[in-house]
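One-letter residues, chain by chain:
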Amino acid sequence: VGNNGTIINSTDAGATWAPQTSGVTEHLTDVWFTSATNGVAIGENGRVLTTTDGGLNWNAATQGADNLNAIAFANANDGYIVGDNGTIFNTTNGGTSWTAQTSAYNTNLNAVSFNGVNGVIAGDGGRVQLTFDGGTTWNGPGSIVGADLFGARMESATVAVVAGNGGNILRT
């Protein structure tokens, strides 16, 4: 995914790539497939795209007005989107509908990752949020480093790794 609604795909493990029609012009920031056919792409201005045919066709919707930066699914049904100004949305039906959640911070959230019901979010100003109940509640230890964080990985039920500017890599 990329600028001006760009979506490209490969059907041969990356040897060749072909463009797909997204039907939108917003910058797309992330994509997640829960199966070979079901996927969700996100982007600027709350743009959410869904596909049920492997990306041949995309259905556009809008979820809020903030830029959406990252998406992750814990399983085929339960997914999370994070974005600017503390935006968090979750789905329990594979992306058909999304519900706003309360964020511990109002900063831009840039990355999200899940391992079962345990998740981590990383954002601007070194903000990190954790959940141990499938995203029902998010709590944060505060700003753990002064740099913006753009990567997050929930390795296990108790180990989270976040990374960002300045070469910062932090692990619980």
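Right above here is the structure, for reference.
Per chain, residues are indexed from 1 in the order of the written sequence. With the structure being a predicted model, the display of local features is reserved for residues of pLDDT at least 70 and the display and counting of side-chain atom pairs for 80 or more, all residues being used for whole-chain, interface and lining totals. The basis for every side-chain value is the complete set of heavy atoms in the structure, and neither hydrogens nor water enter the calculation.

A. Highlighting the overall build of the protein. Secondary structure follows DSSP: runs of H or I at least 4 residues long count as helices, runs of E at least 2 residues long count as strands, and numbering of each begins at the N terminus. A count of helical and extended segments in the protein gives 0 helices and 17 strands. The atom set for the radius of gyration is the C-alpha atoms, and the globule formula is 2.2 Å times the number of residues raised to the power 0.38. Since a compact globule built from 172 residues should have a radius of gyration of about 16 Å, the 16 Å found for the protein is in line with a globular shape. Across its three principal directions, the C-alpha atoms of the protein cover 40 × 35 × 30 Å. Residue exposure (1.4 Å probe, protein chains only): buried if accessible area is under 20% of the type maximum, exposed if over 50%, otherwise partly exposed. For the protein, the residues scored as buried account for 44% of the 172 residues in total. Contacts were defined at the residue level, with two residues in contact if any of their heavy atoms lie within 4.5 Å. In the protein, of all internal contacts separated by at least 6 residues, the share reaching a separation of at least 24 is 31%. Asp and Glu count as negative and Lys and Arg as positive, but His and the ends of the chain are not part of the count. Working definition for charges: the position is that of NZ of Lys, CZ of Arg, CG of Asp or CD of Glu. In the protein, 4 positive and 12 negative side-chain charges are present, and the distance between their average locations comes to 9 Å.

B. Just unusual backbone geometry, in detail. Of note, the phi angle at alanine 13 is positive, near 60°, even though the residue is not glycine. Turning to its location among the elements, alanine 13 is positioned in the loop between strand 1 (7–9) and strand 2 (18–20). Taking the relative accessible area as the measure of exposure, alanine 13 reaches 86% and is therefore exposed. At asparagine 85, a position not held by glycine, the phi torsion is positive, near 60°. On the secondary structure map, asparagine 85 appears in the loop between strand 8 (79–83) and strand 9 (88–91).

C. Examining the packing of aromatic side chains more closely. Stacked, tilted and edge-to-face are the three classes assigned to paired rings of Phe, Tyr and Trp, where Trp is represented by its six-membered ring and a pair needs centres within 6.5 Å; plane angles under 30 degrees give stacked, over 60 edge-to-face, the rest tilted. Per the counting criterion, the structure on display carries 5 aromatic pairs. Measuring from ring centre to ring centre gives 6.1 Å for phenylalanine 33 and tryptophan 58, while their planes differ by 80°; the resulting arrangement is edge-to-face. A residue pair is termed long-range when its members are at least 10 positions apart, and phenylalanine 33 in strand 3 (residues 28–33) and tryptophan 58 in the loop between strand 5 (47–51) and strand 6 (59–62) qualify at 25 residues. By relative accessible area, tryptophan 58 is classed as buried at 9%. For the pair phenylalanine 114 and tryptophan 138, a centre-to-centre distance of 5.9 Å together with 85° between the ring planes defines the contact as edge-to-face. Residue phenylalanine 114 is located in strand 11 (residues 109–115), and its partner tryptophan 138 is located in the loop between strand 13 (127–131) and strand 14 (139–143); the two are separated by 24 residues in the primary sequence. In terms of burial, phenylalanine 114 and tryptophan 138 fall into one category: buried. Counting every residue linked through ring pairs, the aromatic cluster contains Tyr80, Phe114 and Trp138.

D. A nonpolar patch on the surface, seen in detail. Each patch is assembled from residues with relative accessible area greater than 30% and no salt bridge, linking like charges that lie within 9 Å and nonpolar side chains (Val, Leu, Ile, Met, Phe, Trp, Tyr) that lie within 5 Å. Shrake-Rupley sampling with a 1.4 Å probe provides the accessible areas, and residues are treated as covered by the protein chains on show and by no other component. Throughout this description, the term salt bridge denotes a Lys or Arg side-chain nitrogen within 4 Å of a carboxyl oxygen of Asp or Glu. On the surface, a cluster of nonpolar side chains totalling about 200 Å² of accessible area is made up of Val1, Val31 and Phe33. For valine 1, the position within the fold is in the segment before strand 1.

E. View of the environment of asparagine 168. The residue asparagine 168 is located in strand 17 (residues 168–171) in this model. Sequence separation of asparagine 168 and valine 145 is 23 residues, and the distance between their C-alpha atoms is 8.1 Å. When residues no more than four places from it in sequence are discounted, the contact partners of asparagine 168 are Val145, Ala147, Val162 and Ala163.

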